Every structure is written in structure tokens, then in C-alpha cells.
Amino acid sequence: EAGVAQSPRYKIIEKRQSVAFWCNPISGHATLYWYQQILGQGPKLLIQFQNNGVVDDSQLPKDRFSAERLKGVDSTLKIQPAKLEDSAVYLCASSPSGGQYFGPGTRLTVT
Amino acid sequence: DQQVKQNSPSLSVQEGRISILNCDYTNSMFDYFLWYKKYPAEGPTFLISISSIKDKNEDGRFTVFLNKSAKHLSLHIVPSQPGDSAVYFCAASRFNKFYFGSGTKLNVKP
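Report on the accompanying structure. Since the structure is predicted, the reported quantities are computational estimates derived from the model, not experimental observations.

### Concerning the interface of chain B and chain A
Turning to step 1, where the next piece is worked out: The interface is formed by 17 residues belonging to chain B together with 22 residues belonging to chain A.
Turning to step 2, where the next piece is worked out: Regarding the contact of chain B and chain A, the summed buried area is about 1400 Å², with carbon and sulfur atoms giving 52% of it.
Turning to step 3, where the next piece is worked out: Linking chain B with chain A are 1 salt bridge, by the criterion used here.
Turning to step 4, where the next piece is worked out: Where B:Lys97 meets A:Asp56, a salt bridge forms, and the shortest distance between an N and an O atom there is 2.6 Å.
Turning to step 5, where the next piece is worked out: Connecting chain B to chain A are 5 residue pairs in polar contact (both at pLDDT 80 or more).
Turning to step 6, where the next piece is worked out: Counting residues per element, the ones that place at least two in the side of chain B that touches chain A are β4 (32–38) and β10 (97–100) of chain B.
Turning to step 7, where the next piece is worked out: Of all the elements, β4(B) adds the most residues to the side of chain B that touches chain A, at 4 residues.
Turning to step 8, where the next piece is worked out: When its residues are assigned to classes, the side of chain B that touches chain A shows 10 nonpolar, 4 polar and 3 charged.

Take a look at the structure:
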């Protein structure tokens, strides 16, 4: 069974630029999560999808972050414009029900 | 407001001995608890879980204990192996929403 795929693995941008991350969950997993993990901290939920509907986006900074999950499969997370404090690893996870399977993450550095 | 806390950022254990990683939570409504293991440059991988209706779950060398009255869970690894060296995150969930601790870096010395 293929795991959760994410791309790119690494991204360096300047502040005020925009960036997009892509996630392909495990086939058949209805729930998809995006997390932000800042160095030295645990993953923090940004947004949770159930199929292509948003279940929880209460911690998503909506003035600069957006996410979509078209057709209930792949998902993209966008940051526009980026700030220095957005430097983190962005993790995507998917779940059939209970538990989660994580992708390798995208390490974003904002300079 | 951090609902799940891991107060020990690091732990060093000799190979063959027991590793005990601790986790505290504040929300008594959590109904599912998990431990994840993370190697550098990889995403967390699921290790073991426990439902709130149980107080112990065992899987090979790994055992998770849940003390609901103390809002505390722990992960025991016996015997510890050098390959267990990683960052361990505990997580708690309710309604499929997960809250993570900040992680404990375990170093198992040969």
C-alpha cells in the first residue's frame, strides 16, 4: 500500500512570496489533515477535511493560508504572503477512521 | 492552550533497559490516545494506541498505560534497542481531531 505523498520536500522562499504544498493521501482514506510543526513543538492542526468538505479549520490563519481538497482526494495548502514565522514542517496525514498516516512533510524556510 | 504535554524533551537509556516516556493531558473528554515515533526527515509513524475505556495496551516491546484519574499516559519500551532512538510524540483525540505533545527525544545507547 502506497503511503501519503507530499511535494515538494523542501522549499525556501522570501517573506511576502507565496508557496503551495501538495498532498496525495492513501487511497480510500476519507479524512485528510494538514499540520504545521514548528521546530521543537508537536504538530498543530491547521485544517481537517472529510472527503472534500472542511470539518475543522479553526486554527488556520485564513488571512494568508488556504487549503482545498478537490474531488475528495488530493489536497493543496497555500500560503500567501508568507511570513518568517511560517517556517516549519507542513505535514499531511490521512485516516480511514481513527489513527493517522503521515506523509514525510514539506520543510518550509522563509527568509 | 496546550492540551497535551510532554514535559521531558529528552531521555537517554542504556540498551536493554526500560524506556519510560510520559505524557499528560488536560481534557477529560479525550477518548483515544496514541504514540507516534518520528525519525529525522520523516513524518511521524503510528506506534501504539489505547482507548479511554482501557488502562493498558501491549504490542511486543511496547506497552501504553493510561491513568484517566491522573490524566496521564506513559509508553514503556522493554527492552530498549538503539533503533528505538527517535522522537516520540503522544497524541490525544476526540471526534477524530488530534492534539499532539511537543515530543520526547529518546536516545538508546549501545
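### Describing the environment of B:Phe46
All names here are of chain B.
Turning to step 1, where the next piece is worked out: In this structure, Phe46 sits in strand β5 (residues 45–51).
Turning to step 2, where the next piece is worked out: Accessibility expressed as a relative area gives 41% for Phe46, which makes it partly exposed.
Turning to step 3, where the next piece is worked out: In sequence terms Phe46 and Gly103 are 57 residues apart; their C-alpha atoms lie 14 Å from each other.

### Details of the packing of aromatic side chains
Pairs of aromatic rings are described using the distance from one ring centre to the other and the angle between the two planes.
Turning to step 1, where the next piece is worked out: The final tally for this structure, using the stated rule, is 14 aromatic pairs over all chains.
Turning to step 2, where the next piece is worked out: With a centroid separation of 5.4 Å and an interplanar angle of 85 degrees, the aromatic rings of A:Tyr35 and B:Phe100 are classed as edge-to-face. With A:Tyr35 in strand β4 (residues 31–37) and B:Phe100 in strand β10, this residue pair bridges two chains. Considered together, A:Tyr35 and B:Phe100 belong to a single accessibility category, that of buried residues.
Turning to step 3, where the next piece is worked out: With a centroid separation of 6.1 Å and an interplanar angle of 65 degrees, the aromatic rings of B:Tyr25 and B:Phe30 are classed as edge-to-face.
Turning to step 4, where the next piece is worked out: The exposure class assigned to B:Phe30 is buried, which follows from its relative accessible area of 4%.

### Here's the deal with the state of the cysteines
Turning to step 1, where the next piece is worked out: Tallied over the entire structure, the rule returns 2 disulfides over all chains.
Turning to step 2, where the next piece is worked out: One disulfide in the model links A:Cys23 with A:Cys92; its S-S distance is 1.9 Å. Looking along the S-S bond of the A:Cys23-A:Cys92 disulfide, the torsion reads about -65 degrees, which is the left-handed sense. Here A:Cys23 is found in strand β3 (residues 19–24), whereas its partner A:Cys92 is found in strand β9 (residues 88–95), with 69 residues between them in sequence. Here A:Cys23 matches A:Cys92 in class, with each residue buried.
Turning to step 3, where the next piece is worked out: With its sulfur 1.9 Å from that of its partner, B:Cys23 forms a disulfide with B:Cys90. An S-S torsion of about 65 degrees defines the bridge between B:Cys23 and B:Cys90 as right-handed. Here the residue B:Cys23 occupies a position in strand β3 (residues 19–25), and B:Cys90 occupies one in strand β9 (residues 86–94), the gap between them amounting to 67 residues.
Turning to step 4, where the next piece is worked out: Judged by its relative accessible area of 0%, B:Cys90 falls in the buried class.

About the cut-offs
- Residues numbered from 1 in each chain as written.
- Chains lettered and ligands numbered in written order.
- Predicted model: local features only at pLDDT ≥ 70, side-chain atom pairs only at ≥ 80, totals over all residues.
- Heavy atoms only, no water.
- Contact = heavy atoms within 4.5 Å.
- Buried area = accessible area lost by both parts, 1.4 Å probe.
- Salt bridge = Lys/Arg side-chain N within 4 Å of Asp/Glu carboxyl O.
- Polar contact = N/O pair within 3.5 Å; in protein donor to acceptor, adjacent residues only side chain to side chain.
- Helix = DSSP H or I, 4+ residues; strand = E, 2+ residues; numbered from the N terminus.
- Nonpolar A, V, L, I, M, F, W, Y, C, P; charged D, E, K, R; others polar.
- Buried < 20%, exposed > 50% of the residue type's maximum accessible area, 1.4 Å probe, protein only.
- Phe/Tyr/Trp six-rings, centres within 6.5 Å; stacked < 30°, edge-to-face > 60°.
- Disulfide = S-S within 2.5 Å.

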